[in-house]
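Each chain, written out:
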Amino acid sequence: MSSKKQAIVICSLIILWYSSNIGVLLLNKFLLSNYGFRFPIFLTMCHMSACAILSYISIVFLKIVPLQTIKSRSQFIKIATLSCVFCGSVVGGNISLRYLAVSFNQAVGATTPFFTALFAYLATLKREAWVTYAALVPVVAGVVIASGGEPSFHFFGFVMCISATAARAFKSVLQGILLSSDGEKLNSMNLLLYMSPIAILVLLPAALIMEPNVVDVTLSLGREHKYMWLLLLVNSVMAYSANLSNFLVTKHTSALTLQVLGNAKGAVAVVISILIFKNPVTVIGIGGYMITVMGVVAYGEAKRRFR
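What you see is a predicted model; the values in this text were computed from it and never measured.

(A) Representation of the state of the cysteines within the structure. Across all of its chains, the model carries zero disulfides by this definition. In this structure C87 is a free cysteine whose sulfur lies 6.3 Å from that of C84, the closest cysteine sulfur available. According to the relative accessible area criterion, C87 is buried, its value standing at 5%.

(B) Summary view of the pattern of salt bridges. One pass over the full model with this rule turns up four salt bridges. K303 is the salt-bridge partner of E128, the closest N and O atoms lying 2.8 Å from each other. You can see E128 sitting in the loop between helix 5 (112-124) and helix 6 (130-134) and its partner K303 sitting in helix 13 (residues 283-305), a full 175 residues away along the chain. Among the ionic pairs, E301 bridges to R304, the shortest N-O distance being 2.6 Å. Of this pair, E301 and R304 both sit in helix 13, three residues apart, which is roughly one turn of the helix. A relative accessible area of 29% places E301 in the partly exposed class.

(C) Structural detail: the environment of V217. The topology assignment puts V217 in helix 10 (residues 214-224). The partly exposed category is assigned to V217, whose relative accessible area is 24%. For the pair V217 and G36, spaced 181 residues apart in sequence, the C-alpha separation works out to 9.1 Å.

(D) Looking closely at the packing of aromatic side chains. Evaluation of the coordinates by the stated rule reveals eleven aromatic pairs. With centroids separated by 5.1 Å and ring planes inclined at 85°, the aromatic side chains of W17 and Y18 adopt a geometry described as edge-to-face. Y18 matches W17 in its accessibility class, with the two residues each being buried. Each ring, one from F104 and one from F153, has its centre 5.9 Å from the other, and the planes form 65°; the classification is edge-to-face. Linking F104 in helix 4 (residues 102-109) with F153 in the loop between helix 7 (136-148) and helix 8 (155-178), this pair joins segments that are 49 residues apart in sequence. Three or more aromatic residues link up through ring pairs in this structure, and these residues are F37, F39 and F42.

About the thresholds
Note that residues are indexed from 1 along each chain, following the sequence as it is written. At least 70 in pLDDT is required for a residue's local features to be given in this predicted model, at least 80 for side-chain atom pairs to be given and counted, and no such filter applies to totals for whole chains, interfaces and linings, which use all residues. Water and hydrogen atoms play no part in the side-chain values, which are based on all heavy atoms of the structure. Here, two cysteine sulfur atoms that lie within 2.5 Å of each other are counted as a disulfide. The buried label goes to any residue with under 20% of its type's maximum accessible area, the exposed label to any with over 50%, and the partly exposed label to all in between, with areas taken from a 1.4 Å probe on protein chains only. Whenever Lys or Arg places a side-chain nitrogen within 4 Å of a carboxyl oxygen from Asp or Glu, that contact is recorded as a salt bridge. Strands are runs of DSSP state E lasting at least two residues, helices are runs of H or I lasting at least four, and both sets are numbered from the N terminus onward. For Phe, Tyr and Trp, rings pair up if their centres lie within 6.5 Å, where Trp contributes its six-membered ring, and each pair is then called stacked (planes under 30 degrees apart), edge-to-face (over 60) or tilted (otherwise).

Shown next as structure tokens:
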């Protein structure tokens, strides 16, 4: 009976993980590209606000994980640095959704392992097995092919998406370096608790300067569309739910399971986005994306076998 309950819990967490990750992606696209809410920095700030509030409730009151405290000024500076890089990756990804179809956005985002391997080598000078690097060739080649076959290719959107992907990989490598000592390590939920308020402090002035009419337009959209505030609230809660489910799925299964789910998530998100947004796709674009995904799977397997 206990194993049956555990199976139900794991299935529920996987469903939550898929719905949160794909849901926040599609809602971001809908708000930024189809709804007239063209403020990616402010949208990211809403996400970080939800993460800050809900992280505090989850850890302090619900005690999902034990509260870990910041023990030194040095550790705080490291967390602040990670938070700034994290902001850059999320804002860049949201900006790219204004110009790119979700399907192409996911194809470019799948190149994260390439940038992770590159930054890991530049930062530590530790080499992987040649087979591992060879597996990255189709990851990059697939995106090049998909770019050539993308009907709605937008250069600025592509640059922002690549930059966001690189920043996401850089944050992962940087986190492993900065918070490597046992005394400074934080689990992902506590790290989110501390990064979110710092991100808000960075994003608020950025939004006011770079998106000066955000308040007026948001209030106007709120009056014009009665579901505007609900969509913004659901979108922000989903952003936190994606982080929470990411942590819980890893805790109840393994990092490898999450990696496999992540590979499948991109394909599911692509299919759903095409059905919802009706964006044109080509055989070349789909082929390029499939090559990238197969490269990502091969890279993960190579890393596991030749560790």
